[in-house]
Amino acid sequence: MKSSLKGILPAIISPCNEKDVFLEDTFSKLAISLYREGVNGLYVCGATGDCFNMRLEERKRAAELAVAVSKKCGGSVIVHVGTSNSRDSMELAEHAANAGADAVSCIPPTNRNQAQLLQYYHDVARAARIPVLIYHLPALSSQNLSLESLLQLLDIPGVVGLKLSNSDLFLLRRLLLARPDIVVFIGNDELLCLAQMYGAHGGIGMTYNLFPKLFVNIYKAMGTGNLSRALELQHCYLPFLDLAVKYGIFSVFDYLMREQGYDSCSFRRPRQLLDKNTSGRLMKELEPVLANISDTLTKR
């Protein structure tokens, strides 16, 4: 089963209406659209999926819908089950397994010591009974785990790898040198090509929702050894990310998802949306960047 955990898995959004209610039909529509662009699976209810602002029942429903679509489309599903406590994470992990997910992932609870983290991942792995991935996201978890700490977590039965969402590619490589049998996904969209050079098995990213074909092509180019093409594609993405950071990456992402026809909110309240003047300035700067991405994709 671990061999299926690779490739391009968008960290799919959990769209909601203005009252923050999860929109099931919009979620399924997006999932189908992503598979049509060639992605290998879905990462459900992660940070991009706004999991910490969703009810447990909504998270369970998102997992069920992702599995249903993925069975028809031939993709893998990783369900993020991280919460602030073992009880809720175990409940979500057991549900994900029963729903047919291929693996679960979880960000560690904040402000816990190593002994508590070991217990937490033991609990999740026991409840899941399917492969477990650590979600290493120091910016959100406030847990900047050392190599030694991560290796201890990887020794837990059922823990098969991790999603690494920081820019420390040396850490990625050291993990693979120490545990060559683990699965590693890169969570930084701007580093997909480089992370694959260092041995990553694929990527899980937020802007894969916007540019699925771009990241699929980077992954494929690296898989065939076409480094120059992979770098060309990766580089054409970077000006977009630079602008997104300038204007506020989550606000820009939400705005562009709406522009792609998903008339919903990507994130729940409190949220910050771009006003009309700001979005106008953004699009003026973004137009040549998006055109360049499109031209680079169609280039042979």
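Residues numbered from 1 in each chain as written. Predicted model: local features only at pLDDT ≥ 70, side-chain atom pairs only at ≥ 80, totals over all residues. Heavy atoms only, no water.

Explanation requested: the sheet that holds strand S1 (residues 7-12) in the structure shown.
In a beta sheet, neighbouring strands pair by backbone hydrogen bonds and run either parallel or antiparallel. Pairing in this closed barrel of eight strands is parallel, and the strands run S1-S2-S3-S4-S5-S6-S7-S8 around the ring. On average, adjacent strands in this sheet sit at an angle of 25 degrees to one another, irrespective of strand direction. Summarising the sheet, S1 and strand S2 (residues 41-44) pair through two bridges and their orientation is parallel. Paired with Ile-12 across the two strands is Val-44, which belongs to S2. Strands in contact with helix H4 (residues 114-128) are strand S4 (103-106) and strand S5 (132-136); relative to S5, the strand with the most contacts, it is inclined by about 145 degrees. (Pairing = 2+ DSSP bridges. Helix = DSSP H or I, 4+ residues; strand = E, 2+ residues; numbered from the N terminus. Axes fitted to C-alpha atoms, helices over the stretch in contact; angles between N-to-C directions. Contact = heavy atoms within 4.5 Å.)

Before we go on, may I ask you to explain unusual backbone geometry in this structure?
Excluding glycine, most residues fall at negative phi; most peptide bonds, likewise, are trans. The omega torsion of the bond from Arg-269 to Pro-270 falls at 0 degrees, within 30 degrees of zero and hence cis. Mapped onto the fold, Pro-270 is located in the loop between helix H11 (249-259) and helix H12 (276-298). The phi torsion at Cys-45 lies on the positive side, around 60 degrees, for a residue other than glycine. Position of Cys-45 relative to the elements: it lies in the loop between S2 and helix H2 (56-73). Residue classification places Cys-45 among the buried residues on the basis of a relative accessible area of 1%. The residue Asn-111 is not glycine, and still its phi comes out positive at about 55 degrees. Note on placement: Asn-111 falls in the loop between S4 and H4. (Buried < 20%, exposed > 50% of the residue type's maximum accessible area, 1.4 Å probe, protein only.)

When you look at the environment of Leu-214 in this model, what are you seeing that I'm missing?
Locating Leu-214 in the fold gives a position in helix H9 (residues 212-223). Filtering out sequence-adjacent residues up to four positions away, Leu-214 remains in contact with Leu-233, Cys-236, Tyr-237, Ile-293 and Leu-297.

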